[in-house]
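Each chain, letter by letter, is given below.
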Amino acid sequence: PSALASAVAGRCAAAQGAYWPMYERLFASHGQAWGGAPEQDRAQFAAFAAELGLDVAAFRACSDAPAHADA
């Protein structure tokens, strides 16, 4: 259920040069910290962005942009 949200998280991390760190964080924590509740998972992905030192406001704005879901 959270596949689209996690794909968007990867794209938004990539926009800040952190695709691979986000990729590693997502795969290391799937089923433990997230997985199955897209809205809750989106909040967790923003927390991961903060842990990775990303601009969280920009990450959230990117995550909310319909263009990424459409892609």
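For the structure itself, consult the block above.
Okay, so let's go over this structure. Predicted model only: the values in this text are computed from it and were never measured. (Residues numbered from 1 in each chain as written. Predicted model: local features only at pLDDT ≥ 70, side-chain atom pairs only at ≥ 80, totals over all residues. Heavy atoms only, no water.)

A separate point is helix 3 (residues 38-51). With 14 residues, helix 3 should reach 20 Å at 1.5 Å per residue; the first-to-last C-alpha distance of 20 Å fits that figure. When we look at burial in helix 3, the residues that qualify are Asp41, Phe45, Ala46, Phe48 and Ala49. Buried residues in helix 3, looked at end-on, bunch into an arc of 155°, giving them a common side. Exposed and facing more than 90 degrees away from the buried side of helix 3 are Glu39, Gln40 and Glu51. (Helix = DSSP H or I, 4+ residues; strand = E, 2+ residues; numbered from the N terminus. Expected span 1.5 Å × (residues − 1). Buried < 20%, exposed > 50% of the residue type's maximum accessible area, 1.4 Å probe, protein only. Arc of directions from axis to C-beta.)

This next bit is on the packing of helix 2 (residues 19-29) against helix 3. Packed helix pairs are characterised by how far apart their axes lie and by the angle those axes make with each other. Remark: helix 2 packs on helix 3, axes separated minimally by 10 Å, with the N-to-C direction vectors making an angle of 130°. Classified by the angle their axes make, helix 2 and helix 3 are oblique. Note on packing geometry: the crossing formed by helix 2 with helix 3 is right-handed. Contacts between helix 2 and helix 3 pair Met22, Arg25, Leu26 and Ser29 from the former with Phe45, Phe48, Ala49 and Glu51 from the latter. Within the contact of helix 2 with helix 3, the residues separate by chemical class into five nonpolar, one polar and two charged. (Axes fitted to C-alpha atoms, helices over the stretch in contact; angles between N-to-C directions. Parallel < 35°, antiparallel > 145°, perpendicular 65-115°, else oblique. Left-handed = near helix turned anticlockwise from the far one by under 90°. Contact = heavy atoms within 4.5 Å. Nonpolar A, V, L, I, M, F, W, Y, C, P; charged D, E, K, R; others polar.)

Here we take up the state of the cysteines. Under the counting rule described, the total for this entry stands at one disulfide. Covalent S-S linkage joins Cys12 and Cys62, the inter-sulfur distance amounting to 2.1 Å. Around the S-S axis, the bridge from Cys12 to Cys62 shows a dihedral of about -85° and counts as left-handed. Placement of Cys12 in helix 1 (residues 3-14) and of Cys62 in helix 4 (residues 56-64) is noted, with a sequence separation of 50 residues between them. (Disulfide = S-S within 2.5 Å.)

On their own, these measurements won't tell you what the molecule is for.
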